[in-house]
Structure formats: C-alpha cells, structure tokens
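Chain by chain, the residues run as shown.
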Amino acid sequence: MNCHIIIPARLASTRLPRKMLLSETGKPLIQHVWEGACASRLASEVWIATDDEEIFQTVERLGGKCVMTSREITCGTDRIAVVAKDLPEVDLLVNVQGDEPEILGETIDTLIQRMADCPDAVMGTLATPIREKRLLDDPACVKVVLNQNRQALYFSRSCIPFPRGEWRDEWLEAEPPIFYQHVGIYAYRRDFLLKISDLPRTPLERMESLEQLRVLENGYAIEVGVIPRAGVGIDTPADYQEFVRRYRLKYSL
C-alpha cells in the first residue's frame, strides 16, 4: 500500500497569528510536525501543502517536500484533495494537522495499520479515552461516540454521550471507556477523498464546524483506531507556551 502523509499548513490563524512559524523552541512549529510525521514507518512520503510562500520556503530549507495550494481553500481535507489529484499512484493519504507538534510516528502508523486491516474502509481516524471531566465541557475538545465495530456514530463539541441524571466520577475510569476524544488525524482512500471534497458542506458540518461530519451526513463510515493518549494541538498563545515549556523540560533547554 502506497501511503503519503500530507500536512496542510496555513499561515493565517485568528487565535494565534503565524503559528506555523513560531520558533521559541529553536524550530518553527511546522518543523516539529514534519519531523514527527517523518518518523512513520508505514508511510512512503511526507509532504506539506500550504498557501503561503514563507511556509513554502521554510519547508524547502528543511529539505522537505512542499506544494503550493490556493488561499481560497479553507479546510484541510479540501487542501490535501488538491494534492491528491496529482498523485494517481497513491492508495492512501493521511492528513496530519499542521498544529500537532507532538505527533508521533507510531500514532500515525496506528491509523495506517487500521486502514490496512480494513481494506473496504474509505476513511479512518483516531480517538483516545477521556479521563478528565473538564474536557467533556470544553468545546475545543471534540468528542466522538463509537459503535461496537469501532466506527464513528457522531462527532460533537458537546458532551456525547450525554450523562442524564446525577454525575458519577467512575464513568471516567470505565473499561471499556465511555467517553472518547477525537484525535484530528485522518486517512482517506484516494478515490474517496476526491469524491468527498467535491461535495458541498453539510448542515451539521456547518453547525459544529467539524469537516468530518460531511462524511457521516453523506452516509459513509469512518473507522476509528484507539490510542492510549494524544498530543495537544496548538490553538492559542497559552497552548503554544505550554508546548514550549514541555519541550524545554524534555530536552533540558
């Protein structure tokens, strides 16, 4: 199976301007993501898809492969679909978010292996158990509920499943887990990616601002691999400063 990792990277960000190029660790944020993706054992290539010349030049200096795409594209799925049109030899494309600097190669490989084990699956993603109640109430933490075959039933920024009645702390320790956080990494069969990117945005996708709901609303299944823990995405200045703190502590900088 020929698999490419594509990292969509935009410079414009309302909550954290120019976050892809922030470099308080000594490396731009996009380099951290690229290095994590390059640690995958199952992917044959790692490319970055951007709409900004400055990011393009940064990636080129790193020795990475970068593709320029239109600034009119607003969603990561549509951005990698543009790249996929020129890759007819690729079977599987993995979308790794450009703001996940602690992504691990083994995390990516869990998803790739899930798709290899489910040859009829058109799309897959990952989830990790939620063990803290504060995350259930945080709209920035996207939740997912699974069926018994570990396919996604729904994604939401709200708490799902909703615990009716008095709260019980033991729900957070249940095995198998009751609550799952969605990990924003996706794998697509190439033909399916080109098909779904051509479909218009759907009502639930617009309501929740979650592009994966377009897939469910059109009747397709999303396979979900479960990992024990996930890194923290960088959305705000506080997120970035906390990442810098962890990085310096890890490497004693």
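Fair warning: this is a prediction, and the values are worked out from it, not measured in the lab.

Cis geometry marks the peptide bond from isoleucine 160 to proline 161; its omega dihedral reads -5°. Take proline 161: it is sitting in the loop between strand E7 (152–156) and strand E8 (180–189). A cis amide bond links glutamate 175 with the next residue in sequence, proline 176, at an omega value of -5°. Mapped onto the fold, proline 176 is located in the loop between E7 and E8. Its identity as a non-glycine residue notwithstanding, arginine 18 has a phi of 60°, on the positive side.

Taken as a whole and assessed by the stated rule, the structure comprises 20 salt bridges. Residue arginine 10 pairs with aspartate 51 through a salt bridge whose shortest N-O separation is 3.8 Å. Of this pair, arginine 10 sits in the loop between strand E1 (3–9) and helix H1 (29–38) while aspartate 51 sits in the loop between strand E2 (45–50) and helix H2 (53–62); the two residues are 41 residues apart in sequence, bridging distant segments of the chain. On the accessibility criterion, arginine 10 (34% relative accessible area) is partly exposed. Between lysine 19 and aspartate 235 there is a salt bridge, and its shortest N-O distance comes to 3.8 Å. Here aspartate 235 lies in the loop between strand E9 (223–226) and helix H9 (237–251) and lysine 19 lies in the loop between E1 and H1, a separation of 216 residues in the sequence. The class for lysine 19 is buried, based on a relative accessible area of 10%. Where salt bridges share partners, they join Asp78, Arg201, Glu205 and Arg214 into one cluster.

This part covers the nonpolar core. By size, the foremost hydrophobic cluster in this structure holds 40 residues, and its most contacted members are Ile5, Ile7, Ile48, Val94, Val96, Ile108 and Ile185. Elements represented by at least two residues in this core include exactly E1, H1, E2, H2, strand E4 (92–96), helix H4 (105–117), E8 and H9. It is H1 that contributes the most residues to this core, 5 residues altogether. Those residues in contact with isoleucine 185, other than ones at most four positions away along the chain, are Val94, Asn95, Val96, Ile108, Leu111, Gly124, Thr125 and Leu126. Residues Leu93, Phe155, Tyr186 and Val224 belong to the second largest nonpolar core, which totals 30 residues.

Conventions and cut-offs
Residues numbered from 1 in each chain as written. Predicted model: local features only at pLDDT ≥ 70, side-chain atom pairs only at ≥ 80, totals over all residues. Heavy atoms only, no water. Helix = DSSP H or I, 4+ residues; strand = E, 2+ residues; numbered from the N terminus. Salt bridge = Lys/Arg side-chain N within 4 Å of Asp/Glu carboxyl O. Buried < 20%, exposed > 50% of the residue type's maximum accessible area, 1.4 Å probe, protein only. Core = buried A, V, L, I, M, F, W, Y, C linked by side-chain atoms within 4.5 Å. Contact = heavy atoms within 4.5 Å.

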